[in-house]
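Summary of the model geometry
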Amino acid sequence: MSISQEDLFKIALNLEHPWYITLIDFSAEEKQLDIHVDFESGSNFPCANCGKSSCSVHDTIERTWRHLNFFQFKTYIHCRVPRTECEDCGVKQVKVPWARKGSGFTLLMDSLIVLMAQHMTVTAIAEMIDEHDTRIWRVLEHYVLDARSQEDFSKVKSVGVDETSRAKGHKYVSVFIDLDKSKVVHVCEGKDASTIESFRTDLELHKGSSKNINNFCCDTSPAFIS
Ligand SMILES: [Zn+2]
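Residues numbered from 1 in each chain as written. Predicted model: local features only at pLDDT ≥ 70, side-chain atom pairs only at ≥ 80, totals over all residues. Heavy atoms only, no water.

Before going further, it helps to examine the confidence of the model for the chain. Taken over all residues, the pLDDT of the chain has a mean of 91, while the share at 70 or more is 95%. Here helix 6 (residues 222-225) stands out as the least confident element of the chain, with mean pLDDT 60; strand 5 (residues 90-93) is the most confident, with 97. (pLDDT = per-residue confidence, 0-100. Helix = DSSP H or I, 4+ residues; strand = E, 2+ residues; numbered from the N terminus.)

Structural data, given as structure tokens:
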């Protein structure tokens, strides 16, 4: 049994029916690998909005995503993404399995960025993968907001707060820590009493309550004590 390079990349990218690879274009000169993906004609897709199955394809849009490098070669996935016609939602772009909605990176690229961001500065990541840092920040913002929205502070009852300067001189941030879990639960600008209000609002947005707090440790700054 022989296996084509298209099939190999299909396995590497974890693509399933109706997606398949039409062309792999490798340029040693440009140090670039372009993988062209298409879908089998006549395929139906679920509506990306309501999930209704078997919607017919209305038209397609050409899109490109940056993928993980294969060795030192910058890798891009190109695909004409179908837009489905849904009775209830109208024309909607299909969710592709390799990227989240609106992102110019594949999910694997996203996960690499999130992993690297735990150990490196955004500037260093941007340099390493040769992308503008605003693109990196957008990825991080998406996942951080997503993770934050799922936080549950209902069991937070011991809180410590400390202030730190985020730039030489005057810019202060206050960091609130769940002392039972040794976990940062809130960070905000400033070091005065308004930060307590900011913490309380955030606590209540995530199922917590100031009434549960029976242990609060802070430094001796007069603003906090007030
Ligand atoms: Zn729909």
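Moving on: the sheet that holds strand 9 (residues 215-217). Pairing in this open sheet of four strands is mixed, and the strands run 8-7-6-9 from one edge to the other. The sheet is open, and its two edges are formed by strand 8 (183-189) and strand 9, each paired on a single side. Pairs of neighbouring strands in the sheet enclose a mean axial angle of 20°, with direction left out of account. As defined by bridge partners, strand 7 (residues 172-178) adjoins strand 8 across six bridges and the pair is classed as antiparallel. Residue Phe176 lies in a different strand from strand 8, and its bridge partner there is His186. Packing against the sheet, helix 5 (residues 194-205) makes contact with strand 6 (158-165), strand 7, strand 8 and strand 9, and its axis sits at approximately 130° to strand 8. (Pairing = 2+ DSSP bridges. Axes fitted to C-alpha atoms, helices over the stretch in contact; angles between N-to-C directions. Contact = heavy atoms within 4.5 Å.)

For strand 4 (residues 73-86), a buried count of 10 out of 14 residues is recorded, marking the element as mostly surrounded by other parts of the structure. Note that strand 2 (residues 32-39) and strand 4 share six bridges and pair parallel. Residue pairing for strand 4: Gln32 is matched across the bridge by Lys74. Here strand 3 (residues 56-70) pairs with strand 4 via 12 bridges, running antiparallel. If you follow Ile61 over to strand 4, its bridge partner there is Val81. Turn length for the strand 3-strand 4 hairpin, with the two strands adjacent in sequence and antiparallel, is two residues, and the turn residue Phe71 shows positive phi of about 50°. Sheet topology note: the strand 4/strand 5 ladder contains four bridges and is antiparallel. Following the sheet pairing, Arg83 is matched in strand 5 by Gln93. Here strand 4 folds back onto strand 5 in antiparallel fashion, the turn holding three residues. (Buried < 20%, exposed > 50% of the residue type's maximum accessible area, 1.4 Å probe, protein only.)

Where charged atoms of side chains with opposite charge meet at close range, the side chains can pair. Taken as a whole and judged by the stated rule, the model has 10 salt bridges. Here Glu131 makes a salt bridge to Arg66, at a shortest N to O gap of 2.7 Å. Here the residue Glu131 occupies a position in the loop between helix 3 (122-129) and helix 4 (133-149), and Arg66 occupies one in strand 3, the gap between them amounting to 65 residues. The two residues Glu131 and Arg66 agree in class, both being buried. The residue Asp202 makes a salt bridge to Arg148 at a minimum N-O spacing of 2.3 Å. Taken together, the residues Asp202 in helix 5 and Arg148 in helix 4 connect sequence positions 54 residues apart. Its relative accessible area of 9% is what places Asp202 among the buried residues. On the basis of relative accessible area, Arg148 is assigned to the partly exposed category, the value being 24%. Salt bridges sharing common partners tie together Arg66, Glu131 and Arg135. (Salt bridge = Lys/Arg side-chain N within 4 Å of Asp/Glu carboxyl O.)

Next up on the list: the coordination of the zinc ion. Coordination of the zinc ion by the protein involves Cys47 (SG), Cys50 (SG), Cys86 (SG) and Cys89 (SG), with metal-donor separations of 2.2 to 2.4 Å. With four donor atoms in place around the zinc ion and angles of 108 to 112° between them, the coordination shape is tetrahedral. All donors to the zinc ion come from one chain, and their sequence spacing reads C-x2-C-x35-C-x2-C. (Donors = N, O, S within 2.8 Å, 3.2 Å for Na, K, Ca; no water. Tetrahedral: all angles 85-135°; square planar, octahedral: opposite > 155°, others 65-115°.)

Turning next to a nonpolar patch on the surface. A surface patch of nonpolar side chains, about 300 Å² in accessible area, is lined by Ile3, Leu8 and Ile11. Judged by its relative accessible area of 49%, Leu8 falls in the partly exposed class. (Patch = residues over 30% accessible without salt bridge, like charges linked within 9 Å, V, L, I, M, F, W, Y side chains within 5 Å. Areas by Shrake-Rupley, 256 points an atom, 1.4 Å probe, with all protein chains shown as cover.)

A separate point is the nonpolar core. Core analysis: the largest hydrophobic core is formed by 19 residues, its most contacted members being Trp19, Ile21, Val37, Trp65 and Trp98. Mapped onto this core, the elements with two or more residues apiece are strand 1 (19-27), strand 2 and strand 4. The element that contributes the greatest number of residues to this core is strand 2, accounting for four residues. Aside from chain neighbours lying at most four places away, what touches Trp65 is Thr75, Tyr76, Ile77, Cys79, Val81, Val96, Trp98, Ala99, Ser103, Gly104, Phe105 and Thr106. Within the second largest apolar cluster, 11 residues are counted, among which are Phe105, Met116, Val139 and Leu140. (Core = buried A, V, L, I, M, F, W, Y, C linked by side-chain atoms within 4.5 Å.)

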